[in-house]
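What follows is the residue order along each chain.
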Amino acid sequence: MDANTNKIIRNTKNLPNNAKELCELPYFNIEELYGGNQELFHSGWMRVGGCAAVTACDTCIYLDMYKESNKLYPFELDNITKSQYEEFAMQMKPYLKPRYSGIDKLGIYTEGFGAYLHDHGCDNISLTGFDGSKSYTEARAFVIKQIKARYPIPYLNLRHKDPAFADFVWHWFLITGYAVFNEVMMVKLVSYGEYIWADFGRLWNLSSGRKGGMIRIEKHG
């Protein structure tokens, strides 16, 4: 794989096997889905604008499963159903409520999701924004550090020049892994109940107009 690759890879098995470094977080299924999918919600507003809530819900499940958090997900973790997940998303909705402009600022996300964490006794988990105007070098280092620390990364992508990312425009999703090759770092993007691997340089550098960014999750104590 070289710096000129233009592929988005849709299956882990299709990643080239010559990665210098590969780190993936464990994840979970909701019936046949790989994580949550806003398109299954009955609420029209949540189907269209529930992506931020989905990333927060998925993060809560991950923290309960792998970071010993305090029952952020209100149901049993060993068999997550779509109906239970939708009920959970409706509980998250008041904190990250869909709106006409979308949840288009990192601060809206950290304030809303932070309030959910506070209300559920998790003041030891902090959320801080990593602005999309920062350099690719800084962003790459941020991703590696967070994934190595075993935290998923909520990512806000606003406008984008690359049509390959059309499904990710004005959208929140999660990064849950990375693979480093000679000139390219691929990242694992989780959204719509599935995942893809994508060139992080293309994702970060070809965003246009007002920037989105990423969220740093940290657990203290």
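Residues numbered from 1 in each chain as written. Predicted model: local features only at pLDDT ≥ 70, side-chain atom pairs only at ≥ 80, totals over all residues. Heavy atoms only, no water.

(A) Broad picture of the nonpolar core. Judged by nonpolar contacts, the single largest core of 76 residues is most densely connected at M92, F113, V143, I175, L189, F200 and M214. Residues within four places of L189 in sequence aside, it is in contact with F165, F168, F173, L174, I175, E194, Y195, I196, A198 and L203. (Core = buried A, V, L, I, M, F, W, Y, C linked by side-chain atoms within 4.5 Å. Buried < 20%, exposed > 50% of the residue type's maximum accessible area, 1.4 Å probe, protein only. Contact = heavy atoms within 4.5 Å.)

(B) Examining helix α5 (residues 136-148) more closely. With 13 residues, α5 should cover 18 Å at 1.5 Å per step; its first-to-last C-alpha distance of 18 Å lies within 8% of that length. Note on α5: the residue one or two positions beyond its end, R150, has a positive phi of about 70°. (Helix = DSSP H or I, 4+ residues; strand = E, 2+ residues; numbered from the N terminus. Expected span 1.5 Å × (residues − 1).)

(C) Local environment of the pattern of salt bridges. For the coordinates displayed, the defined rule picks out six salt bridges. In this structure, K82 engages E32 in a salt bridge whose closest nitrogen and oxygen atoms are separated by 2.7 Å. Placement of the pair is K82 in helix α3 (residues 82-92) and E32 in the loop between β2 (29-30) and β3 (33-34), with a sequence separation of 50 residues. The partly exposed category is assigned to K82, whose relative accessible area is 26%. The exposed category is assigned to E32, whose relative accessible area is 56%. Of the charged contacts, one joins D104 and R210 as a salt bridge, the two residues approaching to 3.0 Å between their closest N and O atoms. With D104 in the loop between α3 and α4 (106-119) and R210 in the loop between β10 (207-208) and β11 (213-219), this pair connects stretches of sequence that are 106 residues apart. Of the residues examined, D104 reaches a relative accessible area of 6% and is grouped as buried. We classify R210 as partly exposed; its relative accessible area is 39%. One continuous salt-bridge network, built from bridges that share partners, spans D104, K105 and R210. (Salt bridge = Lys/Arg side-chain N within 4 Å of Asp/Glu carboxyl O.)

(D) Main features of the confidence of the model for the protein chain. Averaged over all residues, the pLDDT of the protein chain is 93; the fraction at 70 or higher stands at 97%. Every residue in residues 1-5 is under pLDDT 50, and counting partners more than four places away or in other chains gives 12 contacts. (pLDDT = per-residue confidence, 0-100.)

(E) Molecular detail of the packing of helix α2 (residues 51-66) against α3. Taken N-terminus to C-terminus, the directions of α2 and α3 make an angle of 115°; their axes are 9 Å apart at the nearest point. By the angle between their directions, the pair α2 and α3 is classed as roughly perpendicular. Considering the relative orientation of α2 and α3, their crossing is right-handed. Within the contact between the two elements, α2 uses A53, V54, A56, C57, D58, C60 and I61 and α3 uses Y85, F88, A89 and M92. (Axes fitted to C-alpha atoms, helices over the stretch in contact; angles between N-to-C directions. Parallel < 35°, antiparallel > 145°, perpendicular 65-115°, else oblique. Left-handed = near helix turned anticlockwise from the far one by under 90°.)

(F) How the structure looks around the packing of aromatic side chains. Counting across every chain of the model gives 20 aromatic pairs. Between Y27 and F28, the aromatic rings sit 4.5 Å apart at their centres with planes inclined by 20°, giving stacked as the arrangement. Comparing Y27 with F28 shows no difference in burial state: the two are buried. Aromatic side chains F200 and W204 sit 5.9 Å apart centroid to centroid with 35° between the ring planes, which places their arrangement in the tilted category. One end of the pair, F200, and the other, W204, are both in helix α6 (residues 200-205), four residues apart, so they sit about a helical turn from each other. Summarising the burial analysis for this pair, F200 and W204 share the class buried. Here the basic side chain of K134 rests over the ring of F130, its NZ or CZ set 5.6 Å away from the ring centre. (Phe/Tyr/Trp six-rings, centres within 6.5 Å; stacked < 30°, edge-to-face > 60°. Lys NZ or Arg CZ within 6 Å of the ring centre and 35° of its normal.)

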